[in-house]
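These are the residues of each chain, in order.
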Amino acid sequence: MSTEASKNSEVLLRVEHLKNYFPVRQGLLSRVAAYVKAVDDISFEIKAGETLGLVGESGCGKTTVGHSVLRLITPTEGRVLFQGKDLSHLPAAELRAMRQDMQIIFQDPFSSLNPRMTVGAIIGEALAIHGRGDRKERAEMVRDTLQKCGLDPAYVNRFPHEFSGGQRQRIGIARALVLNPKFIVCDEPVSALDVSIQSQIINLLVELKERYNLAYLFIAHDLSVVEYISDRVAVMYLGKIVELADSTELYRNPLHPYTQALLSAVPVPDPTRRKQRTLLPGDVPSPLNPPSGCRFHTRCPLAIDICKKVEPRELDVEGHKVWCHVVEEQITGSRPSS
Ligand code: SF4
């Protein structure tokens, strides 16, 4: 889905060395006993009109990344720059103004819409908060946005419970779109929907992206969905990005053993083709006490001694980034020293 426009565009969002540690408190005095390292030193950028897919198993930290870039949670360390401005240093009024350009679509279309508000009030709320137009103009903007999202403008006076899951997610998309943002975090927007509805929502997101030059951070655990919508894909494991590449390149030539295992589990729509599935042993370790060295070493079929002691560094092969000692040795011919 890589477009020429997005390839040549300016960087819209830059994330530098982002960390999110959540304290675990214990005892009568609620002393901090440990930290859950949900996100641990990750960096990436997204250009205007580009979609970056962020994939990984549940609990790998991808939703925390999405919420951090919007400053719905404050990062422990690192910087998030939107259009060159560091969000952590913006005065509250400027941050609120900036939020008009940065929106989110939530995973669950059932719990993310207030059941006591009409569709018109849900979508129009942000317009009122940001002082856009008068009452009549706002109502017109709401109806127009409903139409853009494939819903009948006459639905404005209905309540969320009157709609199906797919329609509710369209309302969630309309709520994110009504302010004409430049960037939207799509936090697993189709994983709560029936498979038959998923493709309709994905197609709507693709159509809106192309029509309004939107940039997405598209968070998902389904690699086939991410391939279809993304220009580039980042794979996360236990708070770290382990591979990041152009979407076509990543699916054709996955380098990291974890990416290879995830891709081996994606079903192929061809009964004559059989795929060798790589089954990873054990569960994802706790981010409370992540393994030393490479965090994947407890499950990796290629792990060698150094993997337990030394964290892999970034290897960048013409924009295809990977963090793995064995891949580094295969590509550069030299083994990283412990
Ligand atoms: Fe596996 Fe070692 Fe590479 Fe980590 S660094 S993915 S443990 S081979």
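To be clear, the structure that these remarks concern was listed above.
Summary of the structure given here. (Residues numbered from 1 in each chain as written. Predicted model: local features only at pLDDT ≥ 70, side-chain atom pairs only at ≥ 80, totals over all residues. Heavy atoms only, no water.)

As a further point, take the overall build of the protein chain. When helices and strands are counted, the protein chain shows 12 helices and 12 strands. Burial analysis of the protein chain (338 residues in total) assigns 48% to the buried set. Sequence separation of at least 24 residues holds for 65% of the intrachain contacts in the protein chain that already meet a minimum separation of 6. With an accessible surface of roughly 16700 Å², the protein chain has 49% of that area assigned to carbon and sulfur atoms. When the 41 positive and 40 negative side-chain charges of the protein chain are each reduced to one mean point, those points stand 4 Å apart. (Helix = DSSP H or I, 4+ residues; strand = E, 2+ residues; numbered from the N terminus. Buried < 20%, exposed > 50% of the residue type's maximum accessible area, 1.4 Å probe, protein only. Contact = heavy atoms within 4.5 Å. Areas by Shrake-Rupley, 256 points an atom, 1.4 Å probe, with all protein chains shown as cover. Lys, Arg positive; Asp, Glu negative; His and termini not counted. Charge placed at Lys NZ, Arg CZ, Asp CG, Glu CD.)

Moving on, we get to the nonpolar core. Among the nonpolar cores identified, the biggest contains 57 residues, and Ile-123, Ile-173, Leu-205, Leu-208, Tyr-216, Phe-218 and Val-235 are the most heavily contacted of them. For this core, the leading source of residues is helix H7 (residues 195–212), giving six residues. Setting aside its immediate chain neighbours within four residues, Val-235 contacts Val-55, Lys-240, Ile-241, Val-242, Glu-243, Leu-250, Tyr-258, Thr-259 and Leu-262. In this structure, Ala-38, Phe-44, Leu-52 and Ile-104 belong to the second largest nonpolar core, which totals 33 residues. (Core = buried A, V, L, I, M, F, W, Y, C linked by side-chain atoms within 4.5 Å.)

Another point: the packing of helix H4 (residues 119–129) against helix H5 (residues 135–148). In contact at an axis separation of 9 Å, H4 and H5 are set at 120° when each is read in the N-to-C sense. When the interaxial angle is binned, H4 and H5 end up oblique. The way H4 lies across H5 gives a crossing that is right-handed. On H5, the residues that touch Val-119, Gly-120, Ile-123, Gly-124, Leu-127 and Ala-128 of H4 are Arg-138, Met-141, Val-142 and Leu-146. When the residues that make up the contact of H4 with H5 are grouped by side-chain class, the tally is seven nonpolar, two polar and one charged. (Axes fitted to C-alpha atoms, helices over the stretch in contact; angles between N-to-C directions. Parallel < 35°, antiparallel > 145°, perpendicular 65-115°, else oblique. Left-handed = near helix turned anticlockwise from the far one by under 90°. Nonpolar A, V, L, I, M, F, W, Y, C, P; charged D, E, K, R; others polar.)

Here we come to the state of the cysteines. Per the stated rule, a full pass over the model turns up zero disulfides. Sulfur of Cys-186: no disulfide; nearest cysteine sulfur belongs to Cys-149 and is 12 Å away. (Disulfide = S-S within 2.5 Å.)

A word on the sheet that holds strand S1 (residues 11–26). Spatially, the four strands line up as an open sheet ordered S2-S1-S4-S5, and their pairing is antiparallel. Each edge of the open sheet is held by one strand with a lone partner, namely strand S2 (31–47) and strand S5 (85–86). The sheet contact formed by strand S4 (residues 77–82) and S5 spans two bridges and is antiparallel. Bridge pairing in S5 links Leu-81 to Asp-86. Sheet contacts for helix H2 (residues 62–69): S1, S2 and S4; angle to S1, the most-contacted strand, approximately 115°. (Pairing = 2+ DSSP bridges.)

This part takes up the layout of surface pockets. Space left empty within the atom packing is revealed by a probe, the size of a water molecule, rolled over the atoms. There is about 500 Å³ of room inside the largest pocket. For the largest pocket, the lining is made up of 28 residues, of which Asp-41, Ser-43, Ile-241, Glu-314 and Trp-323 are closest to its centre. For the lining of the largest pocket, the element with the highest residue contribution is S2, accounting for six residues. Split into classes, the residues belonging to the lining of the largest pocket amount to 11 nonpolar, five polar and 12 charged. The volume enclosed by the second largest pocket comes to roughly 420 Å³. (1 Å grid on protein atoms, 1.4 Å probe; cavity = no way out; pocket = protein on both sides within 12 Å on 5 of 7 lines; lining within 4 Å. Points joined across faces, edges and corners; volume = space filled by probe spheres on them.)

In this section: the pattern of salt bridges. Using the criterion set out here, one finds 17 salt bridges in the structure. Measuring nitrogen to oxygen at the nearest pair gives 3.4 Å for the salt bridge that ties Lys-148 to Asp-144. In this pair, Lys-148 and Asp-144 both sit in helix H5, four residues apart, roughly one turn of the helix. In this structure Asp-144 comes out as partly exposed when scored by relative accessible area, which is 36%. Salt bridges linked by common partners bring Glu-16, Arg-79 and Asp-86 together as one network. (Salt bridge = Lys/Arg side-chain N within 4 Å of Asp/Glu carboxyl O.)

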